Amino acid sequence: MKHKTIIEPFRIKSIEQITITTEEERVEYLKEAHNNLFLLDADKVIIDLLTDSGTSAMSANQWAGIMRGDESYAGARSWKRMKEAIVSLTTYDNVIPTHQGRAGESILYTQIGGKGKVFLSNTHFDTTRANIEYSGAMAIDCITEEGKKPSLIHPFKGNMDIEQLEDNILKYGAENIGAVILTVTNNSGGGQPVSMHNAREVKRICDKYGVLYILDCCRIAENAYFIAEREVGFEDYTYRDIAKEMFSLADGAVMSAKKDALVNMGGFIALKDKKIADSCINTLIIKEGFVTYGGLSGRDMEAIAIGLDEVFDKDYLHYRIRSTTYLGDKLIELGVPVMRPIGGHAVYIDAKEFYNHIPVDQFPGQSLACDLYVKGGIRGCEIGSVMFGKRDEKGKLIPAPMELVRLAIPRRVYTQSHIDYVIETFEEIIAEKSQSKGMRITYEPEFLRHFTAHFERV
Ligand SMILES: *Cc1c(COP(=O)(O)O)cnc(C)c1O
């Protein structure tokens, strides 16, 4: 028979205790944290949906690999395993290990960036943009119109806008383009996928103008799942073969292994061109470590090699994407406004619409994030005017374009009953929706306010 329930395709061998708190306790904890969920101790959280980055559960195989990790300074066996796993997946011969994604970005974009250079992407992730701008270069997003509309249903909302891409190359001059960066899946909007057709179109433009083509491949396995499900011609491909084909189109890749390599720390740069790779190696040795470990322990490299293989398992990917969709679909059934279609690694709630009685300058996203914590011990993340709002000269808030709360799903960590508990918490939040009050900031630092600001209820 064909079952309708998709089960977690794993059993639990080792567990991590969750401290179950009461609502009264959580009211107190939140007060001590000044209504900022970043200031909460993690053990006061029941379901932690702050991020999917570095929060994956490793498999028994990966833990066994941790014991086998070779900690030799140079030429470690674990490095060879990691390198082989990356070369066979990406088809790029030059691999540079880094301690996480942004370290790779910093090294690569310092080499190919700098003043006068321009980078074009479907959407630059925030650390990508920061590293490009820090090098003195400019980062421009070329996202399609569909990608900008939160409630519009479209199979590939992460796609690059090819016309804008070409226009920008002509405007700034091909010789000034540092690279074209295709981010798969596109992190903004909860991991919207990019089609193979779009990846090929990007290659066509890059070839036409002789521009370097880099994949930001943090979630390439999740993206491959969407291609197999939604794009004509890929029904009979394995997820791994879809990923390999996408890599074959580009000239190189940067990866945060904290996402689809199923580990808690790690990253790499992989490049076709040996010259660019060699230029990166000097900085690597100064900033990260020797070429055969680059800031990673042998055991981390062993776990990455295994994780890069496990992530393409068809049952894992099916469970992964379907469980994110499960949460999103149930919230839609309850009438909660969410960004659609549901992406690969997170569900985004439109707090401006959900709490439409709270004005934007009273941070409806922050109110909802705090309510989720008080009612259920759930930690999500405000992505709205607390994170991205600016102030004018008089100190008045210039709001962000959207007021969202992101519920990011760690890989292989929570079961369906945990997610059902989150859904139940929403039922209660909906029932008391009109009573929720907005927030006012009582303290804010000059930069990256969301991490340390203090709030009180209006
Ligand atoms: C997480 C992420 C990065 C940065 O990686 P870190 O490991 O957090 O430094 C870069 N690009 C994308 C798309 C990401 O999701």
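Residues numbered from 1 in each chain as written. Predicted model: local features only at pLDDT ≥ 70, side-chain atom pairs only at ≥ 80, totals over all residues. Heavy atoms only, no water.

## Some points on the sheet that holds strand β9 (residues 346–350)
Okay, so step 1: Taken together, three strands build an open sheet; the order of strands is β9-β14-β11 and the sheet is antiparallel. Either end of the sheet is taken by a strand with one partner, and the two such strands are β9 and β11 (381–383). Each strand axis lies, on average, 30 degrees off the axis of its neighbour in the sheet, ignoring direction.
Okay, so step 2: Sheet topology places β9 next to strand β14 (residues 404–408); five bridges connect them, and they run antiparallel. (Pairing = 2+ DSSP bridges. Helix = DSSP H or I, 4+ residues; strand = E, 2+ residues; numbered from the N terminus. Axes fitted to C-alpha atoms, helices over the stretch in contact; angles between N-to-C directions.)

## Observations concerning the pairing of strand β2 (residues 94–98)
Okay, so step 1: A large share of β2 lies buried, amounting to five of its five residues.
Okay, so step 2: Of the two faces of β2, the one holding Asn94, Ile96 and Thr98 and the one holding Val95 and Pro97 are both buried throughout.
Okay, so step 3: For β2 and strand β8 (residues 267–271), the ladder comprises five bridges, and the chain directions are antiparallel. Residue pairing across strands places threonine 98 opposite glycine 267, the latter belonging to β8. (Buried < 20%, exposed > 50% of the residue type's maximum accessible area, 1.4 Å probe, protein only.)

## Thoughts on the domain arrangement of the protein chain
Okay, so step 1: Domain annotation for the protein chain reports domain 1 (23–52 + 313–457) and domain 2 (60–310).
Okay, so step 2: For domain 1 versus domain 2, the distance between C-alpha centres works out to 28 Å.
Okay, so step 3: Taken over both partners, the interface formed by domain 1 and domain 2 buries close to 2000 Å², and the fraction arising from carbon and sulfur atoms is 56%.
Okay, so step 4: Its salt-bridge partner being glutamate 222, residue arginine 320 comes within 2.8 Å of it at the nearest N-O pair.
Okay, so step 5: Applying the counting rule to domain 1 against domain 2 returns 14 residue pairs in polar contact (both at pLDDT 80 or more).
Okay, so step 6: Broken down by element, the side of domain 1 that touches domain 2 gets its largest block of residues, seven residues, from helix α13 (residues 314–333).
Okay, so step 7: Split by residue class, the side of domain 1 that touches domain 2 holds ten nonpolar, four polar and nine charged. (Domains from an automatic or database assignment. Buried area = accessible area lost by both parts, 1.4 Å probe. Salt bridge = Lys/Arg side-chain N within 4 Å of Asp/Glu carboxyl O. Polar contact = N/O pair within 3.5 Å; in protein donor to acceptor, adjacent residues only side chain to side chain. Nonpolar A, V, L, I, M, F, W, Y, C, P; charged D, E, K, R; others polar.)

## Some details on the packing of aromatic side chains
Okay, so step 1: Following the criterion strictly, the structure yields twelve aromatic pairs and no others.
Okay, so step 2: With a centroid separation of 4.9 Å and an interplanar angle of 75 degrees, the aromatic rings of phenylalanine 38 and phenylalanine 451 are classed as edge-to-face. Placement of the pair is phenylalanine 38 in the loop between α1 (23–32) and β1 (47–48) and phenylalanine 451 in helix α18 (residues 449–452), with a sequence separation of 413 residues.
Okay, so step 3: Measuring from ring centre to ring centre gives 5.4 Å for tyrosine 109 and phenylalanine 119, while their planes differ by 70 degrees; the resulting arrangement is edge-to-face. Of the two residues, tyrosine 109 is situated in helix α4 (residues 101–112) and phenylalanine 119 in strand β3 (residues 118–121); the sequence distance between them amounts to ten residues.
Okay, so step 4: Residue classification places tyrosine 109 among the buried positions, given a relative accessible area of 1%. (Phe/Tyr/Trp six-rings, centres within 6.5 Å; stacked < 30°, edge-to-face > 60°.)

## Thoughts on the site of the ligand
Okay, so step 1: Taken together, the neighbourhood of the ligand is formed by 15 residues, with Gln100, Arg102, Asp216, Ser256 and Lys259 sitting nearest.
Okay, so step 2: Asparagine 187 is positioned with one of its side-chain polar atoms (N or O) 3.0 Å from an oxygen atom of the ligand.
Okay, so step 3: Across the complex, the protein chains shield 97% of the 370 Å² of accessible surface that the ligand would expose by itself.
Okay, so step 4: Considering each element in turn, the shell around the ligand owes the most residues, three residues, to α4.
Okay, so step 5: Here the residues of the shell around the ligand are counted per class, giving two nonpolar, seven polar and six charged. (Near = heavy atom within 4 Å. Areas by Shrake-Rupley, 256 points an atom, 1.4 Å probe, with all protein chains shown as cover.)

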